[in-house]
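# Observations on the three-dimensional arrangement
Spelled out, the chains give:
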Amino acid sequence: MRIGITCHPVTGGSGVLATELGIALAERGHQVHLVSYELPVRVDRFMENLFYHQVEVNAYPLFKYPPYTLALAAKLAEVVKTWKLELLHAHYAIPHATCCYLAKQLLRDEKLKVITTLHGTDITLVGSDRSFYEITKFSIESSDGVTCVSNYLRQEVCREFKICDEPRVIYNFVDMQKYKPDGCCDYKRKLTPNNEKIVMHVSNFRPLKRIGDVLDIFRLIRSGVPSKLLLIGEGPDLGVARERVQQYHLNDDVVFLGNQENVENLLSIGDLFLLPSEHESFGLAALEALACGVPVIGTSHTGIPELVEDGKTGYVLPMGDTETMAIRGLELLTDDEKHRQFSRQARESVSTRFDRNTVVSEYETYYQEILMR
Ligand code: GMT
C-alpha cells in the first residue's frame, strides 16, 4: 500500500504511536510518507520505504498565526498526487483530520481514502473548548474510517459526538524486543547505591496528569520503603512538581530527567510506574512500562483498566485516592515474590494483547477493509 501519515511530531503519545506505526508498515514493505512540520521524534534511522515531507509555513507579517492547517493540507495533496498515495492516515483529529479532508477535496479524488485515529485529548479537549466541536465532528464524520485507541475513548466519542457505529478500537502497541526488563544497570547502581526501589512517571506534565498526586503517592511510599522517584518529560506542571518536592523535602530522592529519547532503557530499571491521570484514553507510557515488567498504578475511570489488570499487573483505583495507591504500591515494593509475579504477568499480558506485530496487522487489515469500501 502507499500510505500518507500525518501527526504531531513532538514528544507525546499520538505522535509516537503514529511514527512507530509508519516505521512498522515500512518494514513490512508498504511505502509510507510522514508529513509534518518537523521530523517525528522516533524516526532515528534511514529506511528505504519511509519518506518524510516537511511542511513549511509562511511567516508573512500579516499572519499573526501562520496558517499551518492550510499549508499541511496543501502539502498532503501534493504528496498524494506525486506519490500516487491510496490512503491518508490522520493521527489526532485536530487539525489533521480536517487537513486530510481538505487535501481530498483539493484533489477531487474520490478514490483516496482518509482514516482518522482519535487519541484522546483531541476528543476531551473539545469538551472544554466548544469552538472546536463542529469542525471536529465534521472532520471525523467525513473520514472514510475512524479508529479509537481504547473502548473507553470509543464511548467518549459516542457520548460527545454521537458517532457510535464507525469507530474501530485498535489499541496502542509496543515493540517487546525493545521494551524489555533489565537495561541500563550502571545507571541503576549509581542512582540506588543502597538498593532503593525506583518509582517512575513519564508524561508531558499537563494538569490532567495530576503530577501533584504522583508526588503525594511517592511521599507515602518513601516513608515506608527507601525509594527514588524518576520523573521523565517536560510540560506546564513541572513547576508544580518542583514546588511539591521542596514542600515535602524530597530533593534527594526525586530526579527530574526531562525529555528522554531512549526511554526504554530507563523504564526497564523501574519497580513501579505511576499514572494517576484525570483523563487517559489509553496510556502508552504505562504500556511501555508493563512491557518492561514494571507494574502500573493508574486511575479506574479511564482507558487504563484496558491494559492494567487490577491485582495482576498493577492496580486501578479512583482518581485522587493517593493513599490507597501508596498502600498498594508499598505492598508491591515490599513483597519480592508478589512483585516478581506481577512483573512476569505484566509482560505476558502485553505480549498477548499489545505486541507490535499483532496490532500493526490489525491496522493493515483495517486499511484493506477501508480501501475495498
Ligand atoms: O498523554 C498525552 O497527553 C499525550 C497524548 C497525545 O495525544 O499525544 O496521548 C494520547 O494518545 C496516546 C496514544 O494513543 C494515548 O496512549 C494517551 O493515553 C493519550 N493521552 C490522553 O488521553 C491524555
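Reading guide: rules and limits
Residues numbered from 1 in each chain as written. Predicted model: local features only at pLDDT ≥ 70, side-chain atom pairs only at ≥ 80, totals over all residues. Heavy atoms only, no water. Near = heavy atom within 4 Å. Polar contact = N/O pair within 3.5 Å; in protein donor to acceptor, adjacent residues only side chain to side chain. Areas by Shrake-Rupley, 256 points an atom, 1.4 Å probe, with all protein chains shown as cover. Nonpolar A, V, L, I, M, F, W, Y, C, P; charged D, E, K, R; others polar. Domains from an automatic or database assignment. Pairing = 2+ DSSP bridges. Helix = DSSP H or I, 4+ residues; strand = E, 2+ residues; numbered from the N terminus. Contact = heavy atoms within 4.5 Å. Axes fitted to C-alpha atoms, helices over the stretch in contact; angles between N-to-C directions. Buried area = accessible area lost by both parts, 1.4 Å probe. Salt bridge = Lys/Arg side-chain N within 4 Å of Asp/Glu carboxyl O. Disulfide = S-S within 2.5 Å. Buried < 20%, exposed > 50% of the residue type's maximum accessible area, 1.4 Å probe, protein only. Core = buried A, V, L, I, M, F, W, Y, C linked by side-chain atoms within 4.5 Å.

### Here we look at the site of the ligand
Neighbouring the ligand are 19 residues, the closest being His119, Asn172, Arg206, Lys209 and Glu280. Between the ligand and serine 14 there is a distance of 2.8 Å, counted from an oxygen atom to a backbone nitrogen or oxygen. At 2.9 Å from an oxygen atom of the ligand is found a main-chain nitrogen or oxygen belonging to glycine 283. Calculation on the ligand without its partners gives an accessible area of 480 Å², and the protein chains cover 94% of this total. Here the shell around the ligand is built from residues that sort into five nonpolar, eleven polar and three charged. Residues from two domains meet in the shell around the ligand; each of domain 1 (2-173 + 355-372) and domain 2 (185-353) gives at least three.

### Focus on the sheet that holds strand E4 (residues 87-91)
Strand order in the open sheet formed by seven strands is E3-E2-E1-E4-E5-E6-E7, with parallel pairing between adjacent strands. The sheet is open, and its two borders are formed by strand E3 (50-54) and strand E7 (168-169), each paired with just one other strand. In this structure, strand E1 (residues 2-6) lies alongside strand E2 (residues 31-36), joined through five bridges in parallel fashion. Following the sheet pairing, glycine 4 is matched in E2 by histidine 33. Its contacts with the sheet place helix H14 (residues 356-372) against E1, E4, strand E5 (113-118), strand E6 (145-148) and E7, and it is angled at close to 140° to E5.

### Description of the domain arrangement of the protein
Under the domain assignment, the protein is made up of domain 1 (2-173 + 355-372) and domain 2 (185-353). A straight line from the C-alpha centre of domain 1 to that of domain 2 covers 30 Å. On the side of domain 2, 18 residues touch domain 1, which itself brings 19 residues to the contact. Carbon and sulfur atoms supply 54% of the area that domain 1 and domain 2 bury against each other, a total of about 1,400 Å² over both sides. When the buried area of domain 1 at its contact with domain 2 is split by residue, Tyr152, Tyr171 and Asn172 rank highest and sum to 36% of it. Remark: the boundary between domain 1 and domain 2 carries zero salt bridges. There are six residue pairs in polar contact (both at pLDDT 80 or more) connecting domain 1 and domain 2.

### A closer look at the state of the cysteines
On inspection of all chains with the given rule, the structure shows one disulfide. What pairs with cysteine 158 in a disulfide is cysteine 164, and their sulfur atoms sit 2.1 Å apart. Disulfide cysteine 158 to cysteine 164: torsion about the S-S bond roughly 80°, handedness right-handed. Residue class for cysteine 164 comes out partly exposed when judged on its relative accessible area of 28%. Free cysteine cysteine 7: the closest other cysteine sulfur is in cysteine 100, separated by 11 Å.

### Considerations on the nonpolar core
Counting 51 residues, the largest nonpolar core has Leu118, Leu267 and Phe273 as the members making the most contacts within it. Composition of this core by domain shows at least three residues from each of domain 1 (2-173 + 355-372) and domain 2 (185-353). Those residues in contact with phenylalanine 273, other than ones at most four positions away along the chain, are Met200, His201, Val202, Leu267, Ala285, Ala286, Ala289, Val294, Pro295, Val296 and Ile297. Of all hydrophobic cores here, the second largest spans 27 residues; its members include Val199, Phe205, Val214 and Tyr315.

### With respect to the environment of glutamate 331
Here glutamate 331 lies in helix H12 (residues 322-333). Taking the C-alpha atoms as reference points, glutamate 331 and leucine 72, separated by 259 residues in sequence, lie 50 Å from one another. Within the structure, the side chain of glutamate 331 is placed 2.9 Å from the side chain of arginine 328, a separation counted as a polar contact.

### A look at the environment of tyrosine 133
With respect to the helices and strands, the residue tyrosine 133 is situated in helix H5 (residues 133-142). For the pair formed by tyrosine 133 and isoleucine 123, sequence separation is ten residues and the distance between their alpha carbons is 8.9 Å.

### Here's the deal with the sheet that holds strand E9 (residues 227-232)
What the six strands build is an open sheet, ordered E10-E9-E8-E11-E12-E13; its pairing is parallel. Two strands close off the open sheet at either side, each with one partner strand: strand E10 (254-258) and strand E13 (314-317). Along the sheet, successive strands turn relative to each other by an average axial angle of 20°, direction set aside. With four bridges connecting them, E9 and E10 associate as parallel partners. By the bridge assignment for E10, leucine 231 is matched with phenylalanine 256. Sitting on the sheet, helix H8 (residues 211-224) is in contact with strand E8 (197-202), E9, E10 and strand E11 (272-275), with an inclination near 165° to E9. Docked against the sheet, helix H9 (residues 238-247) engages E9 and E10, running at close to 160° with respect to E10.

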